[in-house]
Amino acid sequence: MPKNRSGGGLSPTQQAAKFLGVSVLAGAVMAGIALPAVGALGLAAKGSVESFDELPANLKTPPLSQRTTILDADGDQIATVYSRDRTVVDLKSISPYMQKAIVAIEDARFYQHGAVDLKGVLRALNKNAQSGGVAEGASTLTQQYVKNVFVEEAGDDPTKVAQAIQQTLGRKIKELKYAIQVEEELGKKKILENYLNITFFGQQAYGVEAAAQRYFSKSAKDLNLQESALLAGIVQSPSRYDPVNDEAEATKRRNTVLQRMAETGDVSQAEADMAMREPLGLKVSRPKNGCITAVNGAGFFCDYVRAVFLSDPTFGKTKEQRAKVWNQGGLTIRTTLDPTAQESAQESIKKHVYQSDEVATAATIVEPGTGKILAMGQSRPYGFGKNETQINLSVDQAMGGGAGYQSGSTFKPIVAAAAIEGGMPATKSYSSPYEMDYPSPVAQCDGKTWSEKGVPLENENESEVGPYAMKEATAKSVNTYFVQMISEIGTCPVVELSKKMGVQRADGKPMEQSPSIALGTQEMSPLTMASGYAAFASRGMYCTPVAIESISQRVGEQSKSLPVPKSTCSRAMSETTADTINTLLRGVVEDGTGTQAGLGGRPSAGKTGTTDERYAAWFVGYTPNMAGAVWVGDPAHDRQMSDITIGGVWHDKVFGGQVPGPIWRDMMSGALTDKPAPDFNVINIPDSNERDREGDEEDGDTDGGDNGGNDGGDNGGTEDGDNGDGDSGWGNDNGGFLGGPNGGNDGNPVPDPTYSIPEGWIPGNEGSGGDGGNWP
């Protein structure tokens, strides 16, 4: 056990060291630094004893940084990440050849001397004095270990690393005192074990286990004689003796070690000669570090786990403390990622959107009632090459994502939920004219109002004239209906419910409180939308998204569990409100704009969304046990999705039900394989009175608008996808302000706006990742 002293005297070993005299101490110091020995002993002697006595009595050994392993929910490896690639092993797990080789070449008298090898010091002093420099060092293996501890403690700070290895008298004296302590407390075998675990072997490998894996793709316990000699030789200069880049120099050094082992009697000369004739026998395993190595496209989820660790106070009060724990590593992180769901998400993404496409897609699945993130993927892989990215398109900006994408009509159910929660009946009807001015004033939070006069909007086509009740208006996604709803309830209930549902802007800014909030002008991330809709699926309970199930950390030979952040579940709305929304959104999938996203016999609900000028298209949907969001668009907000090929299929116009919908359907179908198929708690919402709308069927406006209608034909309408004119002009799924007058039945082109919008009226952000304030 370590002997702790509070300053009450020197140990016998320390007394002996002091008794040897200042000159010997100075000689030991001078033998290991680049200064001439002659004439310098006096300088070293002056004050050396005082400096020695003032040093703390105990060396504080930092935990060795090791690799961190990230696992999925089944315990299978997703990726390994590390500041330093190291796996700590005990001495019995290291080949005897390796143990003998490192001692022979670095400190042949290791088992005969104490912390200081006086015989070696005198020999080194003599050679250094003759050469006027350093011809030979005399640092023992123990002293080298102490120096490596200083380097490890410095971490990745280049200034601290330089200080840890600087050639000064003060550092060498400090190194010597701690070497004396280490010899007394640990013993030779433990020192050797620690040394082999801490030492750098080049090629990003720290410690002998990582080195054995890197150069020979085997464990340290299986190293043979010549392999051990090669690794032992690298330690003196990992760059000079790097066998990967200079085989000849590495071979020469290996043979030097083998000859030294023969001279010390560790092997016979015949054994050494035979080993020298062997080739290096490298079987190099390239460093595999970081989320870029993740399997099943889980690189972005891996990066999200890292972002959670570095940002959550559960892992440390400050950012610096959390970073220190992460860089120390040795963690085994079990995550919520469901391998079946993740594989299904990636397969669906690859099927429908190619990596080389002009636009990208991102998809996320969460579990209602727990907040567990089950899948997270995107079409542009994690990387640095063409059509690759390090931006996680599924998450908010603060967690490694972009500025988000306008959610379009996928936000309308939140508006409806806010109204119902406030007491509005599900049969509520509004006049919902084909065209109208935005109502003004509109109440906001804190008693403020939004006031703008004469700003018009329109439904998809002239045939879309109310009155409409909520059920039909939701299925058809009628713009004027939801704007009239906002006029009645104000923006504050919507903002407050959004907060309860975890629905927030991806850039972290507050929600803009204008009537356009009803049409989805706020930039959101797929994870946000999936988690928000999960509150509908769980009958009104919102659970914050979580990615980590458990963490264990290995420190030395011990393993301990770390606390992890838990999902916080709270009631966002009443069960009745959630049940009502579920009933409404079932209609969207069954006979509305989302029919292409249907899951066959499994009950599901959801909503389509397509933003202004088709910069983004969405489908967000759920079953009682899984909720998922799919976004498709250009992250840089440059490419409109008209006249475009996506996944090998040409589209004249992209709709939310046409591209994101099938991605969602295939993703969820695979993810839900062998899972129960519970039904929703539906309620009876009477249909609105049948109204005579002659010619509706010809205009593509029947059956909830699934062939065009008010939702802009998110299903593509007719075969050429023009029926309903989509989100033509200014607007969202409803065809926006300027939908084709005949619902695009004859393939009308996208018209241009014929009126102006007041400057600064439409909220939004500039730059890539967002929709720049455009209408959904």
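These numbers were taken from a predicted model, which means no experiment stands behind them.

Conventions used here
- Residues numbered from 1 in each chain as written.
- Predicted model: local features only at pLDDT ≥ 70, side-chain atom pairs only at ≥ 80, totals over all residues.
- Heavy atoms only, no water.
- Disulfide = S-S within 2.5 Å.
- Helix = DSSP H or I, 4+ residues; strand = E, 2+ residues; numbered from the N terminus.
- Buried < 20%, exposed > 50% of the residue type's maximum accessible area, 1.4 Å probe, protein only.
- Pairing = 2+ DSSP bridges.
- Axes fitted to C-alpha atoms, helices over the stretch in contact; angles between N-to-C directions.
- Contact = heavy atoms within 4.5 Å.
- Parallel < 35°, antiparallel > 145°, perpendicular 65-115°, else oblique.
- Nonpolar A, V, L, I, M, F, W, Y, C, P; charged D, E, K, R; others polar.
- Phe/Tyr/Trp six-rings, centres within 6.5 Å; stacked < 30°, edge-to-face > 60°.
- Lys NZ or Arg CZ within 6 Å of the ring centre and 35° of its normal.

For the rest of this paragraph, the subject is the state of the cysteines. Applying the stated criterion across every chain yields a total of three disulfides. The side chain of C291 participates in a disulfide bridge whose partner is C302; the two sulfur atoms lie 2.1 Å from each other. Measuring handedness by torsion sign, the sulfur bridge of C291 and C302 sits at about -70 degrees and is left-handed. Note that C291 is positioned in the loop between α14 (269-276) and α15 (299-311) and C302 in helix α15, a separation of 11 residues in sequence. C302 shares its class with C291; the two are buried. Between the sulfur atoms of C445 and its disulfide mate C492 the distance is 2.1 Å. Since a negative S-S torsion denotes a left-handed disulfide, the C445-C492 link at about 105 degrees is right-handed. Pair noted here: C445 is in the loop between β9 (442-443) and β10 (449-450) and C492 is in helix α21 (residues 492-500), with a separation of 47 residues, a long-range link. Residue class for C445 comes out buried when judged on its relative accessible area of 13%. Described in terms of the sequence order of its bonded cysteines, the disulfide pattern of the protein chain is 1-2, 3-4, 5-6.

On to the sheet that holds strand β19 (residues 616-623). In any sheet, the strands associate via hydrogen bonds between backbone groups, in a parallel or an antiparallel arrangement. Pairing in this open sheet of five strands is antiparallel, and the strands run β5-β4-β20-β19-β18 from one edge to the other. Where the open sheet ends on each side, the last strands, each with one partner, are β5 (373-378) and β18 (605-610). Sheet twist, expressed as the average angle between the axes of neighbouring strands with direction ignored, equals 5 degrees. By the bridge criterion, seven bridges tie strand β4 (residues 360-366) to strand β20 (residues 626-633) in an arrangement that is antiparallel.

Below, the discussion takes up the sheet that holds strand β15 (residues 548-555). Pairing in this open sheet of five strands is mixed, and the strands run β2-β1-β3-β15-β16 from one edge to the other. Each edge of the sheet is formed by a strand with only one pairing partner; in this case those strands are β2 (77-81) and β16 (558-562). Across the sheet, the mean angle separating the axes of adjacent strands is 20 degrees when strand polarity is ignored. Examined bridge by bridge, strand β1 (residues 68-71) and β2 share four bridges and lie antiparallel to one another. When the bridges of β2 are listed, L71 appears paired with Q77. Strand contacts of α15: β1, β2, β3 (331-335) and β15, with the helix running at about 115 degrees to β3, the strand carrying the most contacts.

It is worth spelling out the packing of helix α5 (residues 96-106) against helix α10 (residues 188-198) at this point. The interhelical angle for the contact between α5 and α10, taken along N-to-C directions, is 90 degrees, at an axis separation of 11 Å. Relative to α10, the element α5 is oriented roughly perpendicular. Two secondary-structure elements touch here, α5 through M98, Q99, I102, V103 and E106 and α10 through L192, Y195 and L196. Its residues assigned to classes, the contact of α5 with α10 shows six nonpolar, one polar and one charged.

Right, let's get into the side chain of S525. You can see S525 is positioned in the loop between β13 (523-524) and α22 (526-537). Ignoring sequence-local partners within four residues, the contact set of S525 consists of S394, V395, D396, A506 and W618.

Let us now look at the packing of aromatic side chains. The geometry of an aromatic ring pair is captured by two quantities: the separation of the ring centres and the angle between the planes. For the structure shown, the criterion picks out 14 aromatic pairs. A centroid spacing of 4.1 Å and a plane angle of 15 degrees characterise the contact between F309 and F315, whose relative ring orientation is stacked. Owing to a relative accessible area of 0%, F309 belongs among the buried residues under this scheme. Ring centres 5.3 Å apart and planes at 75 degrees place the aromatic pair Y481 and F482 in the edge-to-face group. The exposure classification of Y481 matches that of F482, with both residues buried. Lying across the ring of F110, K188 places its NZ or CZ 4.5 Å from the centre. Taking the ring centre of F655 as reference, the NZ or CZ of R614 above it sits at 5.1 Å.

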